[in-house]
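Examination of the molecular architecture
Read off the chains here:
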Amino acid sequence: MKKRDKIIYWIATIWLALGMTSSGIVQLIGGPEMAKPVLDMGYPLYFLKILGTWKLLGAVALLVPRFPIVKEWAYAGFFFTASGALISHLVNRHALGEIVPAVLLLLLTAVSWYFRPAERRVPSDIQIP
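Predicted, not measured: the structure shown is a model, and the values here were computed from it. (Residues numbered from 1 in each chain as written. Predicted model: local features only at pLDDT ≥ 70, side-chain atom pairs only at ≥ 80, totals over all residues. Heavy atoms only, no water.)

1. Points about the side chain of His89
Worth spelling out the cut-off: Runs of H or I in DSSP of at least four residues are treated as helices and runs of E of at least two as strands, each being numbered from the N terminus. Exposure classes here rest on a 1.4 Å probe applied to the protein chains alone. A residue is buried below 20% of its type maximum, exposed above 50%, and partly exposed in between. Contacts: residue pairs with any heavy atoms within 4.5 Å of one another.
In this structure, His89 sits in helix H4 (residues 68–91). On the basis of relative accessible area, His89 is assigned to the buried category, the value being 15%. Every residue in contact with His89, bar those within four places of it in the chain, is listed here: Met41, His94, Glu98 and Ile99.

As structure tokens, this is what we get:
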């Protein structure tokens, strides 16, 4: 792996982990400022606790060494979370300022996944019984 690719990977991965960690903590803490937009979009409040928990676990999965299959699940979860947030904001015709964080997290997920080093990938010769 080229040094440039490694730098791109770590910058994207650290920013992704920070973004998911910070938004996960905010979702777990909750509060009235989080409740109104979620309820307005038609989601139940307990959805925030589920998302917050999975975001924190996913951030840990990306940063710890080994466990490539768990990392793939974390990337998939982050992709579904960010794309779901983007679609929810677009359907509800939210302002650009509310849409940008979802787009940024979606881009960081794609960049981190694309530039991940070989030791953080699922081996292509793995045999699933």
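2. Re unusual backbone geometry
The phi dihedral of Phe67 is positive, around 55°, even though this residue is not glycine. With respect to the element layout, Phe67 can be found in the loop between helix H3 (46–63) and H4. Take Phe67: its relative accessible area is 49%, and that puts it in the partly exposed class.

3. Some thoughts on the pattern of salt bridges
Condition: When a carboxyl oxygen of Asp or Glu is within 4 Å of a side-chain nitrogen of Lys or Arg, the pair counts as a salt bridge.
All chains considered together, the criterion is met by 3 salt bridges. Between Arg4 and Asp5 there is a salt bridge; the shortest N-O distance is 3.0 Å. What makes Asp5 buried here is its relative accessible area of 14%. Close ionic contact of Arg116 with Glu72 constitutes a salt bridge, the shortest N to O distance being 3.1 Å. Separated by 44 residues along the polypeptide, Arg116 in the segment after helix H5 (96–114) and Glu72 in helix H4 bring together distant segments of the chain.

4. A few points about the environment of Ser83
Operational definition: Contacts described as polar in this section are N or O atom pairs within 3.5 Å, which, within protein, must combine one atom able to donate a hydrogen with one able to accept it, while residues neighboring in sequence count only if both atoms come from side chains.
When you line up the elements, Ser83 lands in helix H4. In this structure, the C-alpha to C-alpha distance between Ser83 and Val111, residues 28 residues apart in sequence, is 15 Å. Polar contacts involving the side chain of Ser83 include one to the main-chain carbonyl oxygen of Phe80, which spans 3.4 Å.

5. So, H4
Test applied: By this rule the span expected of a helix is its residue count minus one, scaled by 1.5 Å.
Between the first and last C-alpha of H4 there are 34 Å, a value that for 24 residues agrees with the 34 Å anticipated at 1.5 Å per step. Among the residues making up H4, those that are buried are Lys71, Ala74, Tyr75, Phe78, Ala82, Ser83, Leu86, Ser88 and His89. Structurally, H4 contributes buried residues whose contacts are with helix H1 (3–29), H3 and H5. Residue Arg93 follows H4 closely and has a positive phi angle near 55°.

Coordinates in, geometry out; function isn't part of it.
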